[in-house]
Amino acid sequence: MALLRATPEFKPAEVVVAEEVMDSYLADPAGFGYNTLVSEADSVINGYICYGPAPLTEGTWDIYWMAVSAEKQGKGVGGALLAHAEDKIKEAKGRLIVIETSSQPGYEKTRRFYANHGYEAIARLPDFYAPGDDKIILQKRIG
Ligand SMILES: CC(C)(COP(=O)(O)OP(=O)(O)OC[C@H]1O[C@@H](n2cnc3c(N)ncnc32)[C@H](O)[C@@H]1OP(=O)(O)O)[C@@H](O)C(=O)NCCC(=O)NCCS
């Protein structure tokens with residue numbers, strides 16, 4: 001939670017939702033449908049990713065959330081978390097991964113990161129999050 005609160009890209013309301021999702025996962029890790037992986041060094045969590053199967057689809061998975069602490073960004077932690085989640089999704093016979101993100105300039109680095117990992121922008125919902133803040137839907141085929 002400290003990591004999420006210190007991530008400037010996330011608004012306080014988004015951090016509240018991320019906490020609810022994590023609490024639900026911790027209450028029922030196997031059954032909840034949201035999986036969480038963390039990256040840890042010296043007993044400190046420096047990144048996490050939350051993903052799960054998209055309900056009522058055949059082999060489509062969502063990546064709901066990911067973050068790496070500011071001081072550890074650009075060192076490969078995010079890439080390793082994403083690759084590990086993709087491996088887990090492949091093991092579960094997933095074939096398509098979807099990520100939703102914002103068009104805000106503050107997410108430029110994030111969008112480049114996903115593009116460099118093979119995620120293609122396939123749709124844009126104008127003004128979805130707020131006037132001038134579009135939702136961008138990214139996808140990657142893995143199977
Ligand atoms: C997006 C985010 C998760 C990426 O995590 P990260 O740990 O910085 O990612 P990486 O270090 O694997 O890759 C970032 C860059 O570092 C560089 N890099 C990767 N491995 C590296 C290494 N071993 N040494 C030096 N640089 C490296 C790459 O050039 C990479 O560039 P790219 O983004 O253009 O591909 C992170 O920036 C973040 O938490 N952002 C804020 C929150 C956010 O936007 N979350 C996503 C919301 S949907």
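Description of the structure in this document.

Conventions and cut-offs
Residues numbered from 1 in each chain as written. Predicted model: local features only at pLDDT ≥ 70, side-chain atom pairs only at ≥ 80, totals over all residues. Heavy atoms only, no water. Salt bridge = Lys/Arg side-chain N within 4 Å of Asp/Glu carboxyl O. Helix = DSSP H or I, 4+ residues; strand = E, 2+ residues; numbered from the N terminus. Phe/Tyr/Trp six-rings, centres within 6.5 Å; stacked < 30°, edge-to-face > 60°. Buried < 20%, exposed > 50% of the residue type's maximum accessible area, 1.4 Å probe, protein only. Lys NZ or Arg CZ within 6 Å of the ring centre and 35° of its normal. Pairing = 2+ DSSP bridges. Axes fitted to C-alpha atoms, helices over the stretch in contact; angles between N-to-C directions. Contact = heavy atoms within 4.5 Å. Expected span 1.5 Å × (residues − 1). Arc of directions from axis to C-beta.

Pairing is possible between side chains that carry opposite charge, provided their charged atoms lie close to one another. Evaluation of the coordinates by the stated rule reveals four salt bridges. The shortest N-O distance in the salt bridge between Lys-135 and Glu-100 comes to 3.0 Å. In this pair, Lys-135 sits in strand β6 (residues 133–141) while Glu-100 sits in strand β4 (residues 96–102), placing the two residues 35 residues apart along the sequence. With a shortest N-O distance of 3.2 Å, Glu-108 and Arg-111 are connected by a salt bridge. One end of the pair is Glu-108 and the other is Arg-111, both in helix α4 (residues 108–116) and three residues apart, which spans about a single turn.

Turning to the packing of aromatic side chains, a few remarks are in order. Evaluation of the coordinates by the stated rule reveals five aromatic pairs. Centroid distance Tyr-51 to Trp-61: 6.1 Å. Interplanar angle 35°. Geometry classified as tilted. Here the residue Tyr-51 occupies a position in strand β2 (residues 44–53), and Trp-61 occupies one in strand β3 (residues 60–68), the gap between them amounting to ten residues. Judged by its relative accessible area of 4%, Tyr-51 is buried. Following the ring pairs from residue to residue traces out a cluster consisting of Phe-113, Tyr-114 and Tyr-119. The ring of Phe-128 has Lys-135 sitting right over it, with the charged end atom 4.0 Å from the ring centre.

Here the focus is the sheet that holds β2. One open sheet accounts for six strands, arranged β1-β2-β3-β4-β6-β5; its pairing is mixed. Unpaired on one side and paired on the other, β1 (35–41) and β5 (120–130) mark the two borders of the sheet. Recorded for the sheet is a direction-independent mean angle of 25° between the axes of neighbouring strands. Where β4 meets β6, seven bridges bridge the pair, whose relative direction is antiparallel. What sits directly across from Ser-102, in β6, is Lys-135. Running at roughly 165° to β4, α4 makes contact with β3, β4 and β6 of the sheet.

A few words on helix α2 (residues 12–27). Between its first and last C-alpha atoms α2 spans 23 Å; for 16 residues at 1.5 Å apiece the expected length is 22 Å, and the two agree. The set of residues buried in α2 consists of Val-15, Ala-18, Val-21, Met-22 and Tyr-25. Down the axis of α2, the sector holding all buried residues measures 120°, keeping them to one side. Along α2, the residues that are exposed and aim more than 90 degrees away from the buried face are Pro-12, Ala-13 and Ala-27. On its buried face, α2 is in contact with α1 (2–5), β1, β2 and β3.

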